[in-house]
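Below, each chain spelled out in residue letters.
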Amino acid sequence: MKMLTMKRFFKVSAVALAAGFAWQAQAADDAQLIKQGEYLSRLGDCMACHSLPNKPAYSGGLAIESDLGTIYSTNITPDKKHGIGNYSEQQFSDAVRKGVLPDGSHLYPAMPYPDYAKISDEDMHALYTYFMKGVQPSAEQPPETDLSFPFNQRWGMMFWNWVFTTDTPFKPIGGASAEVNRGAYIVESLGHCGSCHTPRGLGMNEKALDSGEDKFLSGGSLNHWDVPSLRGLPRWTEQEIVDYLQTGRNDKAAVGGEMTSVVEHSSSHMTEADLKAVAAYLKFLGGNPALPARNEKAAQATEAKLTAAKNLSEGERLYLDNCGACHFVSGKGAPGIFPELDQATIVNADDPTGLIHTVLAGAQQPSTAKAPSTLAMPGFAARLSDEEVAALTTFIRQGWSNHAEAVTKEQVADVRKSLHHKE
């Protein structure tokens, strides 16, 4: 009897020990998946759209302005009532990759599921583990998206999806290096760079979803800002692309507009290897004609006139009074601190909205691990009239080597009005 009791004791102990080892192994596996999922959430820039300052992370509520109206981001914490806590992994995947919720309703493509469709199964599993086990639940209830008819008829999105999306997984580029293909995967899927940098069609769809088409990443428009082409980036080296994504600045440019949030919440958290892979992929694409070569004669003429400070036009005078201290008479700025104006993309854009917005509202570079200092350009909305901003930006767009059209006071007034609308 005693022998049987001892045998039973050892058997139960062995089972308990095995269970303990299994639990530890599962915990270690979950910890690794949570860490991986957190990194992938940064690649996907989930934080930027699903979080608000002074609110719990991922609790939603960001107002996203679109041509359809205002769309509010949702709570994606594991709260079972207000968030996604009741989602199975398949339901989570369907929401992220197909834009379809568990109840069968459809998301609007402000959620970039046409790009997220290329996220691998392995990465999707890590993301699900992170959001279910690594994110704190929040009972925050974001505002409901309530678009006007007919855009409030979400069932119509099934037809939009049928026409404009694909369930084709990511396909590596034949003959390209492993580094280029890693960059392609990040850019085409989690990075969803095409959602802003690819032109959109009449259905507000991305005209291309991968590098197999020349329109992919060839530039677009976002809230009337010209969004530049990323194909080849002929004026930038691979290291300058890495610097820009990692710190929000490089020797030629500084981040502005929507990219400020992208750098702050996403690209500045990427590993050096992934940043280099993205840069290698963008340079690999090519197909983006460079701006005309710097016109040294014209640039020197502008610099000489500003240096002499005689017989200045109103735009030239305004530039010296308001901009020259940081961007200098050469228009070259200070490498890594103040961006170049000569040949800058935002300066030469067909639509001057981005430049006007920057002059009126100013800009602030994000604080990142590699560049913790926050550099800010003040806004001049209170200091300059519409006529003065038009004269100033016209000079900037036509000085040195720049070759863009003049800016009108009406264009400035429209941008100023949009700033008041957001206040």
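Residues numbered from 1 in each chain as written. Predicted model: local features only at pLDDT ≥ 70, side-chain atom pairs only at ≥ 80, totals over all residues. Heavy atoms only, no water.

Some remarks on the overall build of the protein
Logical step 1: In terms of helices and strands, the protein carries 18 helices and six strands.
Logical step 2: Projected onto its principal axes, the C-alpha positions of the protein cover 110 × 45 × 45 Å.
Logical step 3: Put simply, of all contacts in the protein between residues at least 6 apart along the chain, 62% involve residues at least 24 apart.
Logical step 4: Total accessible area on the protein stands at roughly 22,000 Å², and carbon and sulfur atoms take up 58% of it.
Logical step 5: Taking the average location of the 38 positive side-chain charges in the protein and that of its 49 negative ones, the two points are 6 Å from each other. (Helix = DSSP H or I, 4+ residues; strand = E, 2+ residues; numbered from the N terminus. Contact = heavy atoms within 4.5 Å. Areas by Shrake-Rupley, 256 points an atom, 1.4 Å probe, with all protein chains shown as cover. Lys, Arg positive; Asp, Glu negative; His and termini not counted. Charge placed at Lys NZ, Arg CZ, Asp CG, Glu CD.)

Describing the pairing of strand β1 (residues 63–66)
Logical step 1: Bridge count for β1 against strand β2 (residues 69–72) is four bridges, and the pairing is antiparallel. Bridging from a neighbouring strand, Ala-63 pairs with Tyr-72 of β2. (Pairing = 2+ DSSP bridges.)

Thoughts on a nonpolar patch on the surface
Logical step 1: A cluster of nonpolar residues, Trp-155, Met-158 and Phe-159, forms a patch on the protein surface that exposes about 350 Å² of accessible area.
Logical step 2: For Phe-159, a relative accessible area of 48% corresponds to the partly exposed category. (Patch = residues over 30% accessible without salt bridge, like charges linked within 9 Å, V, L, I, M, F, W, Y side chains within 5 Å. Salt bridge = Lys/Arg side-chain N within 4 Å of Asp/Glu carboxyl O. Buried < 20%, exposed > 50% of the residue type's maximum accessible area, 1.4 Å probe, protein only.)

Here's the deal with the UniProt feature "binding site: heme c 3" (unreviewed entry) in the protein
Logical step 1: This chain's UniProt record puts "binding site: heme c 3" (unreviewed entry) on Cys-323, Cys-326 and His-327.
Logical step 2: Topologically, Cys-323 is positioned in the loop between α13 (314–322) and α14 (324–327).
Logical step 3: For Cys-323, a relative accessible area of 12% gives the class buried.
Logical step 4: Dropping the residues within four chain positions of it, Cys-323 is found in contact with Leu-318, Phe-328 and Leu-392.
Logical step 5: Topologically, Cys-326 is positioned in helix α14.
Logical step 6: Judged by its relative accessible area of 31%, Cys-326 falls in the partly exposed class.
Logical step 7: With sequence-adjacent residues up to four places away left out, Cys-326 is seen in contact with Gly-333, Ala-334 and Phe-338. (UniProt positions renumbered as here; feature names shortened; annotations may be inferred.)

Considering the nonpolar core
Logical step 1: Counting residues in hydrophobic clusters, the biggest one holds 62 residues, and the most contacted among them are Tyr-58, Phe-92, Ile-119, Phe-131, Leu-217, Tyr-281 and Leu-282.
Logical step 2: When residues of this core are sorted by domain, at least three fall in each of domain 1 (27–166) and domain 2 (170–291).
Logical step 3: Leu-341, Val-359, Ala-390 and Trp-400 belong to the second largest nonpolar core, which has 25 residues in total. (Core = buried A, V, L, I, M, F, W, Y, C linked by side-chain atoms within 4.5 Å. Domains from an automatic or database assignment.)

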